[in-house]
Structure formats: structure tokens, C-alpha cells
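As a plain string of letters, each chain reads:
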Amino acid sequence: MVAVLGAALSLNGVLRGWAWFMPLITTVVVVALTLAVLRALRAQPLIATLGSFATLAAVLSFIFCRQESLAGFIPTTETFTAVGRLIKRAAETVVSESAPVAPNAGIVFVVCACLGLLVILIDALAVPLSMPAASGIGLLAVMVVPATIKPQSVGVAGFIGAAVGYLLILGCSHWFAPDARLQSGSGRGAGQFRRSVITGGLALALTMTVPLAIPGFETGTFPQGSRLSPWGTSNGLNPMITLGNSLRSPTGSGRITYATSANAPLYLRSVTIDHFDGETWAPDDRAGERRVGADRIETGYAVQGEVVNAVTSVNAGLFTSPYLPAPFAPASVNGLNGRWTWDPATLSIMSTETTTRAQRYVVFSAAPRITSESLSQATSVPQGISEDFLRIPGNLPDIVRQTADTVTASAGSNYGKALALQKYLRSGEFIYSLQAPVQNGYDGNGLSVLADFLAVKSGYCVHFSSAMAVMARAEGIPSRIAVGYAPGRLTGESVALVGQGSFPEYEVDARDAHAWPELYFEGLGWVPFEPTPSRGVVPEYATESSVPSNLSTNADEKEVLTTPAPPAAAPVPIPGVESPSAGSATTNPLPAIAAAAAGVLLLAGFLWSPRLSRTVLRRRRLNQKPPDETGIPGFKDPSPVLAWEELQDLATDYGVPSTPSETPRHFSVRLRSSAALGDSGGLDDAAHAAVASLTSDFERQRYGRMATPAPAAAGRIAVVREALRNNARWLVRFRADWLPPSMMQRWVHALGAPFRAVGRLGKALGRAVARWWHRFRGLLPQRR
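What counts, and at which threshold
- Chains are numbered independently. Their residues run from 1 in the order of the written sequence.
- Under the rules for a predicted model, residues below a pLDDT of 70 receive no local features and side-chain atom pairs below 80 are neither given nor counted, while totals for whole chains, interfaces and linings still include all residues.
- Each side-chain value is derived from all of the structure's non-hydrogen atoms; neither hydrogens nor water enter the calculation.
- Strands are labelled as partners when DSSP assigns at least two bridges between them.
- Strands here mean DSSP runs of E at least two residues long; helices mean DSSP runs of H or I at least four residues long; both are numbered from the N terminus.
- Axis geometry follows a simple rule: fit a line to the C-alpha atoms, using only the stretch in contact for helices, then measure angles between N-to-C directions, giving values from 0 to 180 degrees.
- Each patch is built from residues that are more than 30% exposed by relative accessible area and take part in no salt bridge. Like charges join if they lie within 9 Å; nonpolar side chains (Val, Leu, Ile, Met, Phe, Trp, Tyr) join within 5 Å.
- Note on areas: these come from Shrake-Rupley sampling with a 1.4 Å probe, and a residue is covered only by the protein chains present in the view.
- Each reported salt bridge corresponds to a side-chain nitrogen of Lys or Arg within 4 Å of a carboxyl oxygen of Asp or Glu.
- In summary, the charge assignment counts Lys and Arg as positive and Asp and Glu as negative, without counting His or the chain termini.
- Where a charge lies is defined by one atom per residue type, namely NZ (Lys), CZ (Arg), CG (Asp) and CD (Glu).
- Each residue gets one of three labels from its accessible area relative to the maximum for its type: buried under 20%, exposed over 50%, partly exposed in between, using a 1.4 Å probe on protein chains only.
- In this description, one arc is meant: the one made by directions from the helix axis to the C-beta atoms.
- Throughout, a contact is declared for two residues whenever any of their heavy atoms are within 4.5 Å.
- To define a nonpolar core, start from buried Ala, Val, Leu, Ile, Met, Phe, Trp, Tyr and Cys residues and group those joined through side-chain atoms within 4.5 Å.
- Each pair of aromatic rings taken from Phe, Tyr and Trp, with Trp reduced to its six-membered ring, is defined by centres within 6.5 Å and is described as stacked if the planes are under 30 degrees apart, edge-to-face if over 60, and tilted in the remaining cases.
- Roughly parallel refers to an angle under 35 degrees, roughly antiparallel to one over 145, roughly perpendicular to one between 65 and 115, and oblique to any angle outside these ranges.
- By definition, turning the near helix anticlockwise from the far helix through less than a right angle yields a left-handed crossing, and turning it clockwise yields a right-handed one.
- Ten residue types, Ala, Val, Leu, Ile, Met, Phe, Trp, Tyr, Cys and Pro, are classed as nonpolar, four, Asp, Glu, Lys and Arg, as charged, and the remainder, Gly among them, as polar.

So, about the sheet that holds strand β2 (residues 268–273). Strand order in this open sheet of 4 strands is β2-β13-β16-β17, and the pairing throughout is antiparallel. The two strands at the open ends of the sheet, each matched to only one other strand, are β2 and β17 (525–528). When the angles between neighbouring strand axes are averaged without regard to direction, this sheet yields 35°. Note that strand β13 (residues 479–485) and strand β16 (residues 513–521) share 7 bridges and pair antiparallel. In the sheet register, A482 faces β16, and the bridge partner there is W516.

Structure below.
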């Protein structure tokens, strides 16, 4: 209970708030107490495990599916249908939200079910399998989730909680079921404290050195700072999910370069986020309405006035995503490989068969020329646009509606309301921060997140764009969110476009990932705005005298990257576009190095596995040459001693360890009749004779003279081993084959050797100091 609930403390920040913790406490406590009661009643291990599974199903049914269950806790077919809905909702939450996610019923159900199963697993490892130390694997599995998701990693509370629970498991296992193989013969031996100190010191040393030795740990002190990032940074833009993690990435990845004939750098738009259910914004791909082929793209609404045409060449490089980055509004795309489709409602381009990786293409865009005058005249009610772009959930927080009404109170048109909302969000009341949402627990895009953001007034582009889009819908203006890239930086290169001349090249990467709102105006279509302070480019039609209109990116708030264009630039070629010279790309060697290192580690792990080590030791013992083959005069045959050691290790592996105080003959009798070997209560006749023969050989070699060399022991050991396997339960056989206790003891003893040596040295120094002190005191004059 303590171990699992302590490790679960680290999930705060993966799940928002603490509302999820009470159902988790109920689940873990009920399952753990059920196991404790069944163990106390001496139930068979299989019965105890099955009982815990039944209890877990009952408590989950009672908490989450009470109405669909018989008597409120007995699962029925309707219960399983409800569980399917909960799991589907949890999957949607994982796919569509970024941490911390809202603790809805689906995600809380999955957490309770997984940690309830973890209680059963830890109990099985600690009690019937007698492997309490291995229970740490389950606790580590819990902490891996926040270690890979939360910027703060596991956190101090989660780490301490898991450590205290794990030490309780180890301590109780040793205290109430002491290992008979220890010299003290009791879990309360005099060396218990010293062994605990040594083990704790070794664990502390490992926690400090592992983050330095293993690639994937970021800088900082474990567990608060050494965040495990085994997959590195994402090369793709996962809309509204990993946007914050991309911005917080210390090094940009997924680099994209582009050149355009437009008179200003452009936003590259990947996907449109238009579906809002109150918990999260998500894209609606509209698979049934998409059209194949990006060579001719048409808008699904009428556009009036002047249209501005532009040609943009894009090199996606290592950026990997099913959504194609392109300036708005694309009229055609040439040079793409693979099958691509586009949505008439949003003009987003995507593929279900390929990705943007290594794609080089040319986009011809035709967007209406938008001015403040045209927006002021666009007062008609939107026609022919879906009501989805106006839908807001019924549980809209009061702070959102009140803020929208207050900010737009003096505006007389939709254009005036849009300007008021943008001006309010870009004002000095709000601060751009990548860390504040994480530290305050509102990093996401749901309604509760939006309410917290408007209260704290600090966040990044996801929060600003979501706030403006929701408040615009609250004021009757259709809105959606575009996800892509801010204009970026100059590279110093230039690209020649056919029939257009040579134009400067820009670059963007994960640090430039951006989200911005788009509002619909009749006759003009979807018009972008920029509410995020000091980020992106404020359009001329939305510029206010108090708002700077500078080119910037989504670098951290301490630094806004701008790069002046060098005087000379060499053109870079693209497919289908003439260019005077060619560039080359460099290959990152880190993946190959990481793969080679992983292969070496896997090979070393296999060679050092307990099963292989045990097999090598057995063969070495049983293949000892007889005395007449060594050629050494007076050589005494060691094979009986080695065979006896192998017999003791076999017995230890199958749950019949020897004790330091018993004689070989007493151990032999106990092994042949031990009830620990299963229901048969002992070995068969052949194994009985083999054990007696091995015992006799060892006694003659150790305590007397052997007139003739002892017969080969390999056959007799094989007979004993086969009998032990046949009489043991399957769990014991599994442990003996893959985690033999005899070999694990040797490894633990070897790991403790340096500490024992230090201890002996300390004792010797202490005795020397004590002797010196006594002699010094003898030289001092005695006081009368």
C-alpha cells in the first residue's frame, strides 16, 4: 500500500490536481487488504492471487460502473461495455491532451486499474516468489511515466514515497521471514544496521552516477532534475499536444527551410484545430470529405476583393508529420511524393500513407488582401459555415464569459471585438512563459486550463490562442486555431524561384512551433490574429500603436532570435525550381552511436545474466579432471567438494537452503525428505540414492582418505536436478531457471566486497587510534 501510493504521488503533474487520488487510494487499499487477509488465513498463493483479481474487479465496478453492475459491484455485460467506453475516453485523452491532463473518469479508471494490478504483482514477487527486491521493478514502472512526461521529472515527494515503501517491503520481508542462510540465522542480527547502511550508500551512489553515465538523462540532480528522455525530442509537430515540450526543447529539431516570393516571411500552417468539447481542442480530419491530390485546392467559401498570389518553396528535411506545412491559403502544391489529401473546410493537407520527411515541394498560395477597412465593412452574418465553429460547451467558466464581455463591451462590430481581445491578451497584464503553466498545473488547453490561465495571466501560445478563440465564440464570432510555425529566421542562403527571381531563405524548427487563432469574416474568409505577446508577427490590419510589430520566434522569453541577412548568399536548389548551386545535408551520427551502445549493453546483459552464469558455474564444477589426468603428484581429487557445492546450490535454488550450523549428513536427510519440494514430500528413489552417494563422497574426501577417485558426479547431479524440477511448483522452477537465488547471493556478496573492505579498514584504524590514546593517557601526570 505504502509503496504503490507513494510512487503514485509522482503522477501529480501528469494528472491535474488531486481529485484522482481518492479513487486510487480506495482501489489500492482494498486490494492490498484483501491480499493481507488471504495470506493471514494461509490461503494457497493461487487462491490469494485470484481473490485479489476478483476484489479489484469489484472495487473498480463499484467506483466507476456502479449503475451497470449487479448489486453495485458485481460486473455484468453492461459493466464491460461501460469499461470499453472508459478505456476509449482514456485513449482519446492520451492522444489529444498534454500533461497535466484533466482527470476524467476514463483516465482515472485506467490509473486505478493499472496500480491495482501493480499491487497484485508486487505481492506475488514479495511473497510466493520470495523475491521482494524485484518488487522495485513495478515501482520503477510507475515513476517512468512522470520521468518521461513531466519537466520536473519524478519529483521529491514521489521519489521519497516510493523509496519508503520499497524499504518497508525489503525490511518486513527480512524481519518477519529471515533468511536462514545468513550467519546470524535471524532477521534481527547484529549486522542488520551495518548492512542497511551499506545498501543505502550503494543505492545513493548509483542514483548520483547513473544520470551521468546513461545517455538520455538531462542535467540536474535526481530525482528532481534528471529527467529521463529516452526518445529524445520529437521531430514532428503533434498539434496542441507536445507543443509546449517542443518550445521547451533546449535544441531545435525538425528543421524546415523555406523561401517565398511574398513581401514578408510567412506562417507555415500544418493543421487546423477546430473541434472543442470543453476538455480539449482537437483536429477534425473529416476523412469522408477530404479530396485526393494537392495539385488543385479550392476554398469551401466565397472570397471577395483582391487576391494576393505567392510562390513558396519548402524543404521539410527531417521534420516528420502526416500534416504538410504550407502557407495559407494554398491553391496548389507541386513536387510531393506519395498520396496526399486536403480538407475543403480548412485547406489542411495530410497523408495517411507517408509523411513530410525529406519532402521538397512548391506551394502556390492565393489569399485575400485583408485590410482594416475591409474588416470594418465585413459586418454580414456568416453564411454557409458550419455551426461547429461557434459551438462552446455549456460548462463555460464564468471567468471566461465575464472577461470576454468586459473586454469587448465598447466594441460595436466583430472586427472591433477581435481587436479588443487581441489587445487585451497582448497587454502588459499577461506574461509569456513556458514554465508558469507547468509549475502551476494548468499546462493544456481545456476549459479548466483556460480559467486558470486567465487568473494567473501567464502562459505560451497554446493558452493565448485558445483563450482568444473561446472568447471569440462566446461573443458570436466563428473561430478556430491554426498550429504550425512562426515565420522563423534568415539562414543567409537564397533560393531562385522559376519566373520570380532569387529570394532569401528562412528556417524554423521545434522552438518556432506556434499556435494562433483564426476568426471568420464574411467575404474575407478565415483571418489570422496574433494574441501571444512578443511572439510572431502582428498583421497590419490588427496592429495597435501599443503593440510592437517585430519579427520574432518562440524562443524562450529571455531571448528573441533575429538574424540579419548576409550580403552574399548562394542559392539552394529545390525540385522543379531552377537554382544556381546545390547544398548538402549533414548526417547526425548520434543515432548510430546510441544503437551500437545499446547493442553492446544488451550483449553484456545477456553474458552476465543469472541463468548463463549459473550454467557456466555448474559445468566448471562438474567437468573437473580426475587426479590421474592432472600429472601432479599427490594431487587430491576436488570433485566431491565441487559436487557438494553444486548440490547445495541446487537445493538453494529450489527452496531448501543449507544452514551454517548443520552437518552434511543432516542437510542430506533434510533435502531428501523436505516438504518444500511439493506435495510428494521428498525425492524419488534414484534422486535419494544420488544425494546419499554425493554426501558419502564429500564426507570421505573432507574427513578421511579416499582409496580410489570418486566416480563422476555429473550424472548424479543431473538426476537430483531433474527430481527437484519435477517436485517443485512452476513458480519455483521459473525462479531456479532465470533468477537462481544461489547466483543472486554471490552477486550481492561481490557488490558488498568494497564496502566490507572499507569497514575492516575503519575498524583497524579505530583500534589503532584507541591504542594510541591509551598509551598517550599513560604518559600524562595523574591527578591526585
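That was the structure; now back to the text.
Our next topic: a positive patch on the surface. A cluster of basic side chains, namely K763, R767, R771 and R775, defines a positive patch on the protein surface. Position of R767 among the secondary structure elements: in helix α24 (residues 741–779).

Turning to helix α20 (residues 664–672), a few remarks are in order. Among all positions of α20, only P664, F667, S668, L671 and R672 are buried. For α20, the angular spread of the buried residues around the axis is 130°, confining them to a single face. Residues of α20 that are buried sit in contact with α19 (639–653), α21 (685–703) and α22 (714–727).

This paragraph deals with unusual backbone geometry. At the junction of F328 and A329, the peptide bond is cis and its omega measures out at 0° in the coordinates. Looking at the secondary structure, you find A329 in the loop between β6 (307–315) and β7 (330–334). One non-glycine residue, A71, adopts positive backbone phi at about 60°. By the element assignment, A71 lies in the loop between α3 (45–64) and α4 (77–96).

Following the criterion strictly, the structure yields 21 salt bridges and no others. Between R489 and E507 there is a salt bridge whose closest N-O contact spans 3.9 Å. Here R489 is found in strand β14 (residues 489–497), whereas its partner E507 is found in strand β15 (residues 501–508), with 18 residues between them in sequence. Each of the two residues, R489 as well as E507, counts as buried.

As a further point, take the environment of W516. Inspection of the secondary structure assignment puts W516 in strand β16. By relative accessible area, which is 4% here, W516 ends up buried. Once the C-alpha coordinates of W516 and G536 are considered, the two residues, 20 residues apart in sequence, prove to be 9.1 Å apart.

Another aspect to go through is the nonpolar core. With 43 residues, the main nonpolar core has V4, L24, L60, F64 and L115 as its most contacted residues. Among the secondary structure elements, those contributing two or more residues to this core are α1 (2–8), α2 (21–40), α3, α4, α5 (105–126), α6 (136–149) and α7 (156–176). Among the elements that take part in this core, α5 stands out by supplying 12 residues, more than any other. Aside from chain neighbours lying at most four places away, what touches L115 is V4, A8, L11, L24, V28 and V142. Core analysis: the next-biggest nonpolar cluster, separate from the first, contains 35 residues, Y415, A467, M471 and A542 among them.

All right, on to the sheet that holds β15 then. With antiparallel pairing, the 6 strands of this open sheet are ordered in space as β7-β10-β6-β1-β15-β14. In this open sheet, the two edge strands, each paired with only one partner strand, are β7 and β14. Pairs of neighbouring strands in the sheet enclose a mean axial angle of 25°, with direction left out of account. When strand β1 (residues 256–260) meets β15, the two strands line up antiparallel, connected through 4 bridges. Its bridge partner lying in β15, A259 is registered against E505.

Now for the packing of aromatic side chains. Within this structure, the stated rule accounts for 17 aromatic pairs. With a centroid separation of 5.0 Å and 80° between ring planes, the pair formed by F453 and F464 is classed as edge-to-face. Of this pair, F453 sits in helix α14 (residues 447–456) while F464 sits in helix α15 (residues 461–474), and the two are 11 residues apart along the sequence. Accessibility assignment for this pair places F453 and F464 in one class, buried. When the ring of F529 is compared with that of Y541, the centres are 5.9 Å apart and the planes differ by 85°; the resulting orientation is edge-to-face. Of the two residues, F529 is situated in the loop between β17 and α16 (590–607) and Y541 in the loop between β17 and α16; the sequence distance between them amounts to 12 residues. Here F529 falls in the buried class, since its relative accessible area comes to 2%. Residue Y541 is classed as buried on the basis of its relative accessible area of 10%. Members of the aromatic cluster, connected to one another through ring pairs, are Y424, F430, F453 and F464.

Here the focus is the packing of α19 against α20. Contact pair α19 / α20: the axes reach a minimum separation of 12 Å and the direction vectors enclose 40°. Our classification of the angle between α19 and α20 gives oblique. Seen along the crossing, α19 lies across α20 with a hand that is left-handed. Here W644, L647, Q648 and A651 of α19 come into contact with α20, specifically with P664, F667 and L671. Of the residues assigned to the contact of α19 with α20, the class counts are 6 nonpolar, 1 polar and no charged.

Before going further, it helps to spend a moment on the packing of helix α17 (residues 610–622) against α19. The geometry of α17 relative to α19 is characterised by a closest axis approach of 9 Å and an angle of 150° between their N-to-C directions. By the angle class used here, α17 and α19 are roughly antiparallel. The hand of the α17/α19 crossing is left-handed. Here R614, L617, R618 and R621 of α17 come into contact with α19, specifically with L642, E645, E646, D649, L650 and D653.

Quick look at a nonpolar patch on the surface now. Where nonpolar side chains cluster on the molecular surface, the patch consists of M1, V2, L33, V156, I160, V164 and L168 and spans about 580 Å² of accessible area. Per element, the largest residue contribution to the nonpolar patch is 4 residues, and it comes from α7. By relative accessible area, L168 is classed as partly exposed at 42%.

We now examine the pairing of β13. Counting buried positions over the 7 residues of β13 gives 7, a clear majority of the element. Across 5 bridges, β2 lies against β13 in antiparallel orientation. Bridged to I273 within β13 is I481.

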